[in-house]
Every structure is written in structure tokens, then in C-alpha cells.
Amino acid sequence: WQMYRPLAYRDTWSVIPMLLRPKSRGTVRLRSSNPYDKPIFNAGYFTHPEDIKVLVEGVKIALAMAQTKAFTRLGSKFWDEIPMPGCEDTNLWSDEYWTCMSRQYTTTIYHHAGIAKMGPPTDPQSVVNHQLKVYGVPRLRVIDASIMPTIVSGNTNAPVIMIAEKGADMIKADWGGGYEDNRVRRRRRSSDQVGSWPCKLNMTRKE
């Protein structure tokens, strides 16, 4: 707000470079064995150096766009009166400055994904298999954006609907596609499900 206060109530426009395929990875960890304790979230922003470089290039593209005839003929220009607080000691308008600004002025757009990655049992980071079954936890599936190995480039809404529809089809297929009136058959099917539930493979090397 300190940087943009002089522009209040004036006609302005802005460009927000967005990192569609971040390489940085965060974590979600249990705080304790108490299920009522809130988990520990670490977004892990910019833990991979490539991400900040991509955003800096995005800023340069935005600046170049502002200098085109379409914008300059309207009297539009880049706001350079006040530098980003916290970045005053950098070489202004350099890669160093834009790197600092990206770290100071970056926010999330709330499309977190990938905390329960789908993958083969040989992958130490995978949580669910191709049928969305949680490894080693019978009768539990995860059917949402968290199973995505990498986040999609667009909005996650439609892909999550697709995942949910596919997950529902797989559940119905496992349970016969409809309601079972015969309780014995239902118990037998449940027992079969537990017995065939996937587990992680032991990949420990034996020297």
C-alpha cells in the first residue's frame, strides 16, 4: 500500500505474472499424534531457484507490453516513483530488484494440489495408486486435487470434477455398480476389498 498509495482513485492497470508450473514443493506434516491438532503447512515458495527466474521474466514481458504503441498512445507508463519497500537497496529495475519484489509481493491463488500424490508403489512420495486407494490403509481413497502429481496449468475446478466422476465410477465398479440387498454378499465383497488393498513395496536395498 505504501508503494501504490499515490495511485489511489486514479485510472490504472496491472499485470500479474503467474507461475503455472512451479517446481518448488511444500509439505503438510502432522503436528502430533492428536488428530485434533492442526497440521503444519509449509508452502515452500521459491525453494526451487527456477521459479523466481520465471517470474522475473514475466515481469520483463509485462514491462515490454507497457511500452508498446497501443499503451503509450494512451499516456500509459510504468509506475516508478516509489520502489518496493524492502528492496530499496537493490539496483532498481534490475533482475536483482525484480527478484526482491517477487519475494516481497507474491501471493497464492489458493489452488494447492499434490499432497497425496498418485503414483506407483515404488515411488516413495506416492500416497494413492491408480485407483485412488491409499497405500496400506484399507477402505480409504483420496479423490480430489491432492492426488495430482503436478498441478494443472488452468483452474483446478474442472479437473477435480473429472477426478471425482472417475473415482465414483471406480467405487461403483468395485461394489457391483448398485445397492446390494444381500448382506452376506456385501460382507464378502468388503472382505475381498480389504484383502486386495494395495501396499507400498519395500524398496530397501540389501547390501
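Residues numbered from 1 in each chain as written. Predicted model: local features only at pLDDT ≥ 70, side-chain atom pairs only at ≥ 80, totals over all residues. Heavy atoms only, no water.

Focus: unusual backbone geometry
For residues that are not glycine, phi is negative in most cases, and the peptide bond is trans in most cases. For clarity, the cut-off: Each helix is a run of H or I in the DSSP string that is no shorter than four residues. Each strand is a run of E no shorter than two, and both are numbered from the N terminus. For each residue, the accessible area found with a 1.4 Å probe, counting protein chains only, is set against the maximum for its type, and the residue is called buried under 20%, exposed over 50%, and partly exposed in between.
At W93, a position not held by glycine, the phi torsion is positive, near 65°. Mapped onto the secondary structure, W93 falls in the loop between helix 2 (69-72) and helix 3 (95-104). Taking relative accessible area as the criterion, W93 reaches 32% and is therefore assigned partly exposed. A positive phi angle is found at L132, which is not glycine, with a value near 65°. Secondary-structure assignment places L132 in the loop between helix 3 and helix 4 (157-174).

Structural notes on the packing of helix 1 (residues 49-66) against helix 3
Spelled out, the test is: Note on geometry: axes are lines fitted to C-alpha atoms, helical ones only across the stretch in contact, with angles between N-to-C directions running from 0 to 180 degrees. Reported orientations rely on four angle classes, namely roughly parallel under 35 degrees, roughly antiparallel over 145, roughly perpendicular from 65 to 115, and oblique for the rest. Residue contacts are counted whenever heavy atoms from the two residues lie within 4.5 Å of one another.
Contact geometry for helix 1 and helix 3: axes closest at 9 Å, N-to-C directions at 110°. Regarding the angle of helix 1 to helix 3, the classification is roughly perpendicular. Two secondary-structure elements touch here, helix 1 through I52, L55, V56, V59, K60 and L63 and helix 3 through D95, W98, T99, S102 and R103.

Considering the packing of aromatic side chains
What counts is decided by this rule: Pairing of aromatic rings covers Phe, Tyr and Trp, the last counted by its six-membered ring, and requires centre-to-centre distances within 6.5 Å; plane angles under 30 degrees mean stacked, over 60 mean edge-to-face, and any other angle means tilted. As a reminder, the over-ring test applies to NZ of lysine and CZ of arginine, requiring each to be within 6 Å of the ring centre and within 35 degrees of the ring normal.
Enumeration over the complete set of coordinates arrives at seven aromatic pairs. Ring centres of W93 and Y97 lie 4.9 Å apart, and the angle between their planes is 75°; this geometry places the pair in the edge-to-face category. Relative accessible area serves as the criterion here: at 0%, Y97 is assigned to the buried category. Here a set of aromatic residues connected by ring pairs shows up, and it is made of F78, W93, Y97 and W98. The ring of W197 carries the charged tip of K133 above its face, separated from the ring centre by 4.8 Å.

Things to note about helix 1
Cut-off, in case you're wondering: Helix span, expected: 1.5 Å multiplied by one less than the number of residues in the helix. What the arc describes is the spread of directions from the helix axis to the C-beta atoms.
Taking 1.5 Å of rise per residue, 18 residues should cover 26 Å, and helix 1 covers 27 Å from first to last C-alpha, within 8% of that figure. All of the buried residues along helix 1 are D51, I52, L55, V56, G58, V59, A62 and A66. Along the axis of helix 1, the buried positions cluster into a sector of 155°, meaning they face one direction only. Looking at helix 1, the residues exposed on the side facing more than 90 degrees away from the buried face are P49, K53 and I61. Elements that come into contact with the buried residues of helix 1 comprise helix 2 and helix 3.

Remarks on the environment of V142
Checked against the element boundaries, V142 lands in the loop between helix 3 and helix 4. C-alpha of V142 to C-alpha of V127: the two residues are 15 residues apart in sequence and 8.8 Å apart in space. Among all residues touching V142, those that are not within four sequence positions of it are A116, V128, L132, V134 and I147.

A look at the nonpolar core
The test is simple: Put simply, a nonpolar core is a bunch of buried Ala, Val, Leu, Ile, Met, Phe, Trp, Tyr and Cys residues held in one set by side-chain atoms that sit within 4.5 Å of each other.
A116, V128, L132, V134, V142, A145, I147, M148, I163 and M170 form the largest nonpolar core, which has ten residues in total. I147 has contacts with A116, K117, M118, V128, L132, V142 and I163, leaving out every residue within four places of it along the chain. V56, V59, C87 and W98 belong to the second largest nonpolar core, which has nine residues in total.

Regarding the pattern of salt bridges
Inclusion rule: By definition, a salt bridge exists where a carboxyl oxygen of Asp or Glu is found within 4 Å of a side-chain nitrogen of Lys or Arg.
If you walk through the whole model with that rule in mind, you get six salt bridges. Two residues, K60 and D95, come together in a salt bridge whose shortest N-O distance is 2.9 Å. Separated by 35 residues along the polypeptide, K60 in helix 1 and D95 in helix 3 bring together distant segments of the chain. The partly exposed category is assigned to K60, whose relative accessible area is 32%. Judged by its relative accessible area of 39%, D95 is partly exposed. Salt-bridge contacts for D123 lead to K117; the nearest nitrogen and oxygen are separated by 2.8 Å.

Description of helix 3
What helix 3 keeps buried is the set Y97, W98, C100, M101 and S102. Summarising the contacts, the buried residues of helix 3 are in contact with helix 1.

Remember, this is a structural readout, not a statement about activity or role.
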